[in-house]
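Understanding the architecture of this molecule
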Amino acid sequence: MSKRKKPRDQPNSWQQELLGQLTALAAGHRQDLRVTGRPRTGPDNLVTVPISIRTADIPQVQGGLPVKEVEDFDLILPPTPAAPPWVQTRHTRFAGTPHVLEGNRLCIYLDPTREWDPRAGIASVVNRLWEWITDATANKFDPTTALYHPVGGVLHYTAGAPTVVAREALPYHTPSTGWLTPRSPHRLDLTTGPVNADSHRAPILPVDHSLPLGAGSTLAELMTLIDSTDLDIPKVVPQSGALSQALLTALAASCVRAPEGTAQYFILAVRHPAIPASAPFLLAGRLKPPFSDMLRLLTRRRAPGRLGRLSDELLQATIEWCYLSDERPEITIRRDTQRPVHIFQGTHIHIWGCGGIGSWAAELVTRAGAARITLSDPGLITGGLLVRQNYTENHIGTSKAVALAQRLRTIRDDVTIEIASPPPDSALIEAADHADLIIDATVSMPAGRFLDLLAQRPHRKAVLAQMATDSLSASLGILTVAAPGTPASLSTIDHISGQRVLATSSLEPYHQLWAEPAPGDELLPTRGCSVPTFHGSAADLMATTATLVNLLGIQMRHPQSGTHLCAQPHTGVLPAHHFITHTAPDQ
């Protein structure tokens, strides 16, 4: 009986199709592209094809990637069209170049979901490889914007590990200790000191060079890679370098201060290769509890600085990498920096009325970065309001101002929320002198009269604004603004604007904003003596309020008294936006 040889794995139909295209492409471009070996199918069903590209004619500039006259690559064909083929080298000569992943894989697709079209086939892959080489040799890659460039170009994340949020300016350039506090099962906050009894010590170790090959997946790989300063693939046996010993000592010192059965976290602060003086790149990792316990036991027998050689089991301990939400100001640019609402960042805003418009306006300015928000509304939340206001089931029975304050505090940690008595109240008499903006979303006559009083304050700082919508659909919006220094009150500005709108036939759809609701225009939400209210959904009010907040953001840059009218696209009302500049009647 003879031993039968295992049949060789074969490319599937998709990979065979790509191989056929590659063969035809190479036949048509013999000078530039060659298939230099037989395709190999691995146990992971990936097909590897050795190819070579003639690069002798590609222009090279100083600082660009140096290439030989012919470069060899491995083209990897996945078993499904869902993922694009990728390209890697059999050397690490390209390590450290932007868009080279872990030393030998070329990042030819930034976002495969948008850039990879399976119908384009293998020709598009070869073209992208050619473009990559051309850009690299021409020094067109910007290392300062290459994602994860300091740590091998790849995301370090282990599925199931929590996200670490970094906002504080810790001393990342020197060895130090940070603290990780659980915020939820999925989140840890990194701070300079402990926040509560659940905070964990996490040593912070600066790495004074980049990690072009990444940080590895085991303790041995990590220790080897942080000690290596060349671009050759290092051996995976730790060489007892200074950095790895410092990391091990810091881990051991933290481990013994934590309870048995807990994971030990650490932070690596990796220097950016292109901008070494900039804030370092952060990696957050952890040893699982069993391995942390092994290190604790070892540390109790020896001083942290004299651990000696670790056992193979501990050396091969898996490093779990946490997703790091790096929100340090020197690292992150706000996504709304160039939008109208950016003007609200750092401001103090009063919002009177926390209903259909006020609740959404408060949320929008909170997300825009307002530093301090003062809310006022004595109303209670009932279940019917959830249809169009941003409250939840747990808020029913709570005061609107209290519930909205709770919601806003969950949106941002650094916003100050206060609750004030509703206007008119003597405690609010100086509000216009100190706040940047007062938004009246109450449609309350006493509140409006109180605003008229504040408008006359001789040292008024605040822009005064009123927001409202129509009764029939909540899809038309009106924003009246009284800029500082304007002697006219909001009610006067609104009255004069109304006269002009009512006299303009082209603005007829907006006439209803100055008219009393006709019988049947409003909604009786429940039986009995229910107060009539306007028709409208959360979608209507969110959209209308967002438009009004954007218009107000534009106004805040150079406040001008007047009235904005706006309509949502589904109303068909034109013009969809119109501004009436305030002028006195005799002007």
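Here the structure is a predicted model, which is why all the values come from computation and not from measurement.

This part takes up the overall build of the chain. In terms of regular secondary structure, the chain is built from 13 helices and 22 strands. For 587 residues, the compact-globule estimate of 2.2 N^0.38 gives 25 Å, and the C-alpha radius of gyration of the chain, at 32 Å, exceeds that figure by more than 25%. Dimensions of the chain, computed from C-alpha atoms along their principal axes, come out at roughly 100 × 70 × 55 Å. A burial count over the chain gives 47% of its 587 residues as buried. In the chain, of all internal contacts separated by at least 6 residues, the share reaching a separation of at least 24 is 62%. For the chain, the exposed surface amounts to about 29,200 Å²; the carbon and sulfur share of it is 54%. The average position of the 51 basic charges and that of the 53 acidic charges among the side chains of the chain differ by 9 Å.

Attention now moves to the UniProt feature "domain: THIF-type NAD/FAD binding fold" (unreviewed entry) in the chain. Here, the residues flagged by UniProt with the feature "domain: THIF-type NAD/FAD binding fold" (unreviewed entry) are residues 347-461. Between the C-alpha atoms that bound residues 347-461 there is a distance of 12 Å. The span itself is 32% helix and 16% strand.

The next point concerns a nonpolar patch on the surface. A contiguous nonpolar patch, built from Leu-155, Tyr-157 and Tyr-323 and spanning about 280 Å² of accessible area, is present on the exposed surface. One can find Tyr-157 in the loop between helix H3 (121-137) and strand S8 (163-166). For Tyr-157, a relative accessible area of 39% corresponds to the partly exposed category.

Turning next to helix H13 (residues 538-557). End to end, H13 covers 29 Å across 20 residues, agreeing with the expected 28 Å (1.5 Å per residue, within 8%). Ala-538, Asp-540, Leu-541, Thr-544, Thr-545, Leu-548, Val-549, Leu-551, Leu-552, Gly-553, Gln-555 and Met-556 are the residues of H13 that are buried. Contacts made by the buried residues of H13 are with helix H8 (358-367), strand S18 (437-440), strand S19 (463-469), strand S20 (476-482), strand S21 (562-567) and strand S22 (577-581). Residue Ser-537 occupies the N-cap position of H13, its side-chain oxygen lying 3.3 Å from the main-chain nitrogen of Ala-539.

All right, on to the packing of H8 against H13 then. The interhelical angle for the contact between H8 and H13, taken along N-to-C directions, is 50°, at an axis separation of 9 Å. With respect to their mutual orientation, H8 and H13 come out oblique. For the pair H8 and H13, the sense of crossing is right-handed. Between H8 and H13, the contacting residues are Trp-360, Ala-361, Leu-364 and Val-365 on the first element and Ala-538, Leu-541, Met-542, Thr-545, Ala-546 and Val-549 on the second. Partitioning the contact of H8 with H13 into residue classes produces 9 nonpolar, 1 polar and no charged.

Here we take up the sheet that holds strand S11 (residues 200-207). One closed barrel holds the 7 strands; their spatial order is S8-S10-S9-S11-S12-S13-S14, and the pairing between them is mixed. Averaged over all neighbouring strand pairs, the angle between strand axes comes to 35°, with direction disregarded. The sheet contact formed by strand S12 (residues 264-270) and strand S13 (residues 281-287) spans 7 bridges and is antiparallel. Paired with Leu-268 across the bridge in S13 is Leu-283.

Below, the discussion takes up the domain arrangement of the chain. Domain boundaries assigned for the chain yield domain 1 (13-141), domain 2 (163-326) and domain 3 (340-513 + 522-581). Put simply, the middle of domain 1 and the middle of domain 3, counted by C-alpha atoms, are 56 Å apart.

Right, let's get into the environment of Ala-371. With respect to the helices and strands, Ala-371 occurs in the loop between H8 and strand S16 (372-376). A residue is classified by how much of its surface remains accessible, and Ala-371, at 31% relative accessible area, is partly exposed. For the pair formed by Ala-371 and Val-415, sequence separation is 44 residues and the distance between their alpha carbons is 5.1 Å. Discounting residues that sit within four places of it in the chain, Ala-371 has contacts with Gly-346, Thr-347, Arg-412, Asp-414, Val-415 and Thr-416.

Another aspect to go through is the environment of Asp-440. Residue position: Asp-440 is located in strand S18. Linking Asp-440 and Gly-358, residues 82 residues apart in sequence, is a C-alpha distance of 8.0 Å. If sequence neighbours within four positions are ignored, Asp-440 has contacts with Trp-352, Ala-447, Gly-448, Leu-451, Ala-465, Gln-466 and Met-467. Polar side-chain contacts of Asp-440 include one of 3.0 Å to the side chain of Gln-466.

Another point: the pattern of salt bridges. Opposite charge on two side chains permits pairing when their charged atoms draw close. In the structure shown here, the tally under the stated rule is 25 salt bridges. Note that Asp-413 and Arg-183 form a salt bridge whose closest N and O atoms lie 2.7 Å from each other. With Asp-413 in the loop between helix H9 (400-411) and strand S17 (416-419) and Arg-183 in strand S9 (residues 176-184), this pair connects stretches of sequence that are 230 residues apart. Between Arg-412 and Asp-414 there is a salt bridge; the shortest N-O distance is 2.8 Å. The class for Asp-414 is exposed, based on a relative accessible area of 57%.

By size, the foremost hydrophobic cluster in this structure holds 40 residues, and its most contacted members are Phe-344, Ile-373, Leu-375, Leu-437 and Leu-552. Looking at this core, the elements with two or more residues in it are strand S15 (348-352), H8, S16, H9, S18, S19, S20 and H13. Looking at this core, the element that brings in the most residues is H13, giving 7 residues. Judged by nonpolar contacts, the second largest core, of 32 residues, contains Val-49, Tyr-109, Ile-122 and Ala-136.

In spatial order, the strands read S17-S16-S15-S18-S19-S20-S21-S22; together these 8 strands make up an open sheet with mixed pairing. On the outer flanks of this sheet lie S17 and S22, each paired with one strand and no other. For this sheet the average axis-to-axis angle between neighbouring strands, irrespective of direction, equals 15°. Pairing of S16 with S17, which is carried by 4 bridges, proceeds in the parallel orientation. Across the sheet, Ile-373 pairs through a bridge with Ile-417, a residue of S17. Its contacts with the sheet put H8 on S15 and S16, and the angle it makes with S15 is roughly 165°. Together, S18, S19, S20, S21 and S22 form the strand contacts of H13, whose direction differs from that of S20 by roughly 25°.

Basis of the calculations
Residues numbered from 1 in each chain as written. Predicted model: local features only at pLDDT ≥ 70, side-chain atom pairs only at ≥ 80, totals over all residues. Heavy atoms only, no water. Helix = DSSP H or I, 4+ residues; strand = E, 2+ residues; numbered from the N terminus. Rg over C-alpha atoms; globule rule 2.2 N^0.38 Å. Buried < 20%, exposed > 50% of the residue type's maximum accessible area, 1.4 Å probe, protein only. Contact = heavy atoms within 4.5 Å. Areas by Shrake-Rupley, 256 points an atom, 1.4 Å probe, with all protein chains shown as cover. Lys, Arg positive; Asp, Glu negative; His and termini not counted. Charge placed at Lys NZ, Arg CZ, Asp CG, Glu CD. UniProt positions renumbered as here; feature names shortened; annotations may be inferred. Patch = residues over 30% accessible without salt bridge, like charges linked within 9 Å, V, L, I, M, F, W, Y side chains within 5 Å. Salt bridge = Lys/Arg side-chain N within 4 Å of Asp/Glu carboxyl O. Expected span 1.5 Å × (residues − 1). Polar contact = N/O pair within 3.5 Å; in protein donor to acceptor, adjacent residues only side chain to side chain. Axes fitted to C-alpha atoms, helices over the stretch in contact; angles between N-to-C directions. Parallel < 35°, antiparallel > 145°, perpendicular 65-115°, else oblique. Left-handed = near helix turned anticlockwise from the far one by under 90°. Nonpolar A, V, L, I, M, F, W, Y, C, P; charged D, E, K, R; others polar. Pairing = 2+ DSSP bridges. Domains from an automatic or database assignment. Core = buried A, V, L, I, M, F, W, Y, C linked by side-chain atoms within 4.5 Å.

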